[in-house]
Each structure stands twice: as structure tokens, then as C-alpha cells.
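Report on the structure
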Amino acid sequence: MSCAQTIADYAFRSLGYGERLLPRSDFTLCQQFTLIGSGMIWNVYFGVLALLAGFALATVLALGKASSRAVLRKPAEWFVFLFRGSPLFIQFFFAYFLFQSLSSGYPMLSGLTSAWAGALVVLFFNTSAYSAEIFYGALQSIPKGDTEAADAYGLSGWSRFRRVIWPTMLRLAWPAYTNEAIFLFHATTLVFVSGFPAIQQRGDALYYASYFADKTFNPFVPYPILAGYFIVLTLIVITLFNAINRRLNRHLPSDARRRVKYRPQLVR
């Protein structure tokens, strides 16, 4: 089988299109690159959707934590504490068994026992909690002169938040938030080893890398391929977030702009 035929057969196998059966013998580099790349579709899906939805919830949670009203502050504080205080791996397992229990009583929730929905919910809540803490710290660091200038211009309420508070918060939080976004994409590999099953062998990139490592008894080919894909994904995320960072800081002198730097999180 040629490499072109292999790509045609397996490029979208993780989504259920193409060849149904996985290769059983004579594994080629093209097969490994293609199938692991196919699984990356799921990792990108989890990361992008969780990041977009988590950004919105994180902003709300940060404002809740900064609120002087206990009825808004306490729920936000406990949400952030719960999801930052427990390991993501445990959250996956707990959520899977919780969704299973709920689906037995409410059949309309049965989709949550599948990775495409249930694991996405867990990643969404987890990144929301971490991002909320980043945004909250940025809110506390907003220079007093910025808010005084807003007051001097007669801005208040929604106008004050939209034109001064929110942009300044994002500008201050963006370098740290970039690292959270990168870690979120890396954390999507935990979906494979969580309780959420890979239906009909349609797994993420780690699923296919593990498959080839088990079949060939050689982890030194599929896992470096997997790492290479994530390095490329990380570079793409850094490039996009750098562009947004430049947009957020476009009004500052070039020497005063905060640069985005990737700092790996070894423990979370």
C-alpha cells in the first residue's frame, strides 16, 4: 500500500471515515504518522472548544471573585478552589461515573458518557477555574490611574468595564493565559487514559500512539511522532496568542510591551 493510499484510508479514521480496521502487521512510518495525526483532530477539538467556552466562564468567575457581594463571590471562589484543588485525572473519572449515574435516570444525558461531550465538559470547567484565577489576579493588578481616568471621562457601569477594565485585564493576564492555553492542549491527552471509552477504536492521538507502541514493542517511534505533533500545535498556539498580545498592546511603546513566553508547567 502506498503512502498516498494510506493517507486516503486513515486520515479521518478517528472521525469514523475511511478504513474501519487498524493495521495488524508491517507497520510503516506513513501509517503511524497518518493515524496519530488523525487522532490529533480530537485533541484540537477538545482544546479549541474548551478554551473558547472556558474564556467566557473564566471572565465571569473572575468578576465574581472580585465582587464585594458574598452571594457572587463565594460561589466563584468555591468553584475555582474545587477544580484547582483536585487533579484533572480524578475529575475525569469522577465525572464519568457521575454522568453514568445521571444517564440511567435521565436518558437525554446519555451523551455525556461519551468522550466528545463528557470529557469536553471536564476540560471546560478545569480551564475555566485556572483561567479565572489568572484573570482575577490581573483584575487586582489594574493600575489605579486607569480606573481614575475612566472616572474622569465619566465612564461607568458596562461602558467602564468594556472600554477600560476588560482590555486592561486581558493585557495583563495574556502572557500567563497563553501558558494555560498550551497546557490545556497538552492535558487533552488525559482523555485517552480517563474513564471515557474510545468507541470503535476512534481515539485521540495518544490512543493510536499507544496502539503502535503495543503492537511493535517499540515506543521510540510512535511517541516521538506524537510529541512532534504537539510541538507543532504548541508553536501554532504561541503564534496566534502572540498576534493577539500585540493587538492588545498596540497602544504601548515597543519597549514597554509584555512578550509572551512559554513556561512549561511541570506540576499542576
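In what follows, the accompanying structure is described. Bear in mind that the values here come from a model prediction, so they are computed numbers and not experimental data.

1. Quick word on helix α10 (residues 222-248)
- In this model, α10 (27 residues) spans 39 Å end to end at C-alpha, consistent with the 39 Å of a helix rising 1.5 Å per residue.
- What α10 keeps buried is the set Pro-222, Ile-225, Leu-226, Phe-230, Leu-233, Thr-234, Val-237, Ile-238, Phe-241, Asn-245 and Leu-248.

2. Some remarks on the packing of helix α5 (residues 115-140) against helix α7 (residues 157-187)
- Relative orientation of the contacting elements α5 and α7 amounts to 145 degrees, with a least axis distance of 8 Å. For the crossing formed where α5 meets α7, the hand is right-handed. On the side of α5, the interface is formed by Leu-123, Thr-127, Tyr-130, Ser-131, Ile-134, Phe-135, Ala-138 and Leu-139, while α7 contributes Ile-165, Met-169, Leu-170, Leu-172, Ala-173, Ala-176, Tyr-177, Glu-180, Leu-184 and Ala-187.
- Classifying every residue of the contact of α5 with α7 by side-chain character gives 15 nonpolar, two polar and one charged.

3. Here we look at the state of the cysteines
- Enumeration according to the criterion identifies one disulfide in this entry.
- Cys-3 shares a disulfide with Cys-30; S-S distance 2.1 Å. The chirality of the disulfide connecting Cys-3 with Cys-30 is right-handed, given an S-S dihedral of about 80 degrees. Of this pair, Cys-3 sits in helix α1 (residues 3-10) while Cys-30 sits in helix α2 (residues 29-66); the two residues are 27 residues apart in sequence, bridging distant segments of the chain.
- Taking relative accessible area as the criterion, Cys-30 reaches 16% and is therefore assigned buried.

4. Structural notes on the packing of aromatic side chains
- A full pass over the atoms with the stated rule returns 26 aromatic pairs.
- Taking the centre distance of 4.9 Å and the plane angle of 70 degrees together, the rings of Phe-89 and Phe-93 count as edge-to-face. Here Phe-89 pairs with Phe-93, and both are found in helix α4 (residues 88-105), just four residues apart, close to one helical turn.
- Since its relative accessible area comes to 34%, Phe-89 is described here as partly exposed.

5. What to know about unusual backbone geometry
- With a phi close to 50 degrees, Asp-26 is a non-glycine residue in the positive phi region.
- Within the secondary structure, Asp-26 is located in the loop between α1 and α2.
- Although it is not a glycine, Phe-217 sits at a positive phi angle of roughly 55 degrees.
- Among the structural elements, Phe-217 can be located in the loop between α9 (205-216) and α10.

6. Thoughts on the pattern of salt bridges
- Summed over the entire model, instances satisfying the criterion amount to four salt bridges.
- The partner of Glu-133 in a salt bridge is Lys-65, and the shortest N-O contact between them spans 2.8 Å. Residue Glu-133 is located in helix α5, and its partner Lys-65 is located in helix α2; the two are separated by 68 residues in the primary sequence.
- Using a relative accessible area of 23% as the deciding quantity, one classes Glu-133 as partly exposed.

Cut-off values and rules
Per-chain numbering applies: the sequence of each chain, read as written, is numbered from 1 onward. A pLDDT threshold of at least 70 governs which residues receive local features in this predicted model, and a stricter bar of 80 or more applies before side-chain atom pairs are shown or counted, although totals over entire chains, interfaces and linings include all residues. In computing side-chain properties, one takes all heavy atoms of the structure into account and sets aside hydrogens as well as water. Secondary structure elements are defined from DSSP: runs of H or I of at least 4 residues count as helices, runs of E of at least 2 residues count as strands, and each element is numbered from the N terminus. What a helix is expected to span follows from its residue count: subtract one and scale by 1.5 Å. Relative accessibility thresholds used throughout: buried, under 20% of the residue-type maximum; exposed, over 50%; partly exposed, between the two (1.4 Å probe, protein chains only). The axes are straight lines fitted to the C-alpha atoms, using for helices just the contacting stretch, and the angles between their N-to-C directions are given from 0 to 180°. Crossing handedness: left-handed means the near helix sits turned counterclockwise from the far one by under a right angle, and right-handed means the same turn made clockwise. Throughout, a residue-residue contact means that at least one pair of heavy atoms, one from each residue, lies within 4.5 Å. Ten residue types, Ala, Val, Leu, Ile, Met, Phe, Trp, Tyr, Cys and Pro, are classed as nonpolar, four, Asp, Glu, Lys and Arg, as charged, and the remainder, Gly among them, as polar. Two cysteine sulfurs form a disulfide in these notes if their separation is within 2.5 Å. Stacked, tilted and edge-to-face are the three classes assigned to paired rings of Phe, Tyr and Trp, where Trp is represented by its six-membered ring and a pair needs centres within 6.5 Å; plane angles under 30 degrees give stacked, over 60 edge-to-face, the rest tilted. Salt bridges are counted wherever a side-chain nitrogen of Lys or Arg sits within 4 Å of a carboxyl oxygen of Asp or Glu.

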